[in-house]
Amino acid sequence: AGECGGSAVEDDCGVCAGDGSSCLASLSLGAFDSAGTLEVLYDFGSDVGGFQFDISGLALEGAVGGASGDAGLTVSFGSGTGNGDFSTVIGFSLTGDTIPAGSGVLTVLNFSDVTSSMTELAGAVVAGADGSTLDVTSSGSIDHSGTEDCAGDYYGGSVVDECGVCGGNGIADGACDCDGNVLDECGVCNGGGIADGAWD
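Focus on the nonpolar core
Residues Leu27, Phe44, Phe53, Ile55, Ile99, Leu106 and Leu109 are the most contacted members of the largest nonpolar core, which totals 30 residues. Elements that contribute at least two residues to this core include exactly strand E1 (24-33), strand E2 (37-44), strand E3 (48-56), strand E4 (58-64), helix H1 (66-71), strand E7 (102-114) and strand E8 (118-128). In this structure Leu106 touches Leu27, Val40, Leu41, Tyr42, Phe44, Phe51, Phe53, Gly65, Gly66, Ala67, Ser68 and Ile99, once residues within four positions along its chain are discounted.

Okay, structure coming up:
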């Protein structure tokens, strides 16, 4: 700090008299809604100009809101580089906009489908306002096991009908069984009715 005899020293981030947090960042998963949204949370020790992370198990459609939207950053996504089940999400600004240091919701991911039994956040990279890379930790996973419907779709609505058909419509109107048979005049399903010469 230039103070003769002073006690100020550089912290682990290279900041004089700092608390060691300015070069730290973390990303984690927040609230999940099977209807199609997932929050990504952040905690940044300094202003951030861009970020990147991989997310698995979701068919992404977009990302909106959160601190990224408030700061004017563009958030885009594409296929991951290491695993076909991962999508890479990138937040950036072409005009130098930054997300202030702090914590909260970074962005809200929109998805059309859950594609595997586990959603995880990995491969996080966060850049400070000056372009330097922060020391990032990432955490959070969502286990979708056990949410499959009879068609194997996670959080799907298909059920087995009374005829044992997944997503079927059951016994048709007017029928008495799953083969489409009807009641005869004696009340017998697929019966032969009153025999010739008989009166009942």
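Overview of the packing of aromatic side chains
Applying the stated criterion to the full structure yields four aromatic pairs. When the ring of Phe32 is compared with that of Phe111, the centres are 5.6 Å apart and the planes differ by 5°; the resulting orientation is stacked. Placement of Phe32 in strand E1 and of Phe111 in strand E7 is noted, with a sequence separation of 79 residues between them. We classify Phe111 as buried; its relative accessible area is 5%. Pairing Phe51 with Phe53 gives two aromatic rings, centres 6.1 Å apart and planes at 10°, and the pair type is stacked. You can call Phe51 buried: its relative accessible area is 3%. Ring-pair connections join several aromatic residues into one group, and the members of that group are Phe32, Phe111 and Tyr155.

Looking at the pairing of E2
Only one face of E2 is buried: it carries Leu38, Val40, Tyr42 and Phe44, and the other face, with Thr37, Glu39, Leu41 and Asp43, is open. As defined by bridge partners, E1 adjoins E2 across seven bridges and the pair is classed as antiparallel. The residue bridging Leu29 from the neighbouring strand is Val40, located in E2. Once E1 ends, the chain turns through three residues before running back antiparallel as E2, passing Gly36 with a positive phi of about 135°. Summarising the sheet, E2 and E7 pair through eight bridges and their orientation is antiparallel. Residue pairing for E7: Glu39 is matched across the bridge by Val108.

Rules of the game
Along each chain, residue indices are assigned from 1 in the same order as the chain's sequence is written. Given that the model is predicted, a residue must reach a pLDDT of at least 70 before its local features are reported, and side-chain atom pairs must reach 80 or more before they are shown or counted; all residues, however, enter totals for whole chains, interfaces and linings. Hydrogens and water molecules were not included; the side-chain quantities draw on all heavy atoms of the structure. The nonpolar core is taken to be a set of buried Ala, Val, Leu, Ile, Met, Phe, Trp, Tyr and Cys residues, with the residues joined through side-chain atoms within 4.5 Å. Relative accessibility thresholds used throughout: buried, under 20% of the residue-type maximum; exposed, over 50%; partly exposed, between the two (1.4 Å probe, protein chains only). The helix count covers DSSP runs of H or I at least four residues long, the strand count covers runs of E at least two residues long, and both are numbered beginning at the N terminus. Every residue pair with non-hydrogen atoms within 4.5 Å of one another is taken to be in contact. Between 30 and 60 degrees the pair is tilted, below 30 it is stacked and above 60 it is edge-to-face, where a pair is any two Phe, Tyr or Trp rings, Trp via its six-membered ring, whose centres lie within 6.5 Å. Between any two strands, pairing holds if DSSP finds at least two bridges.

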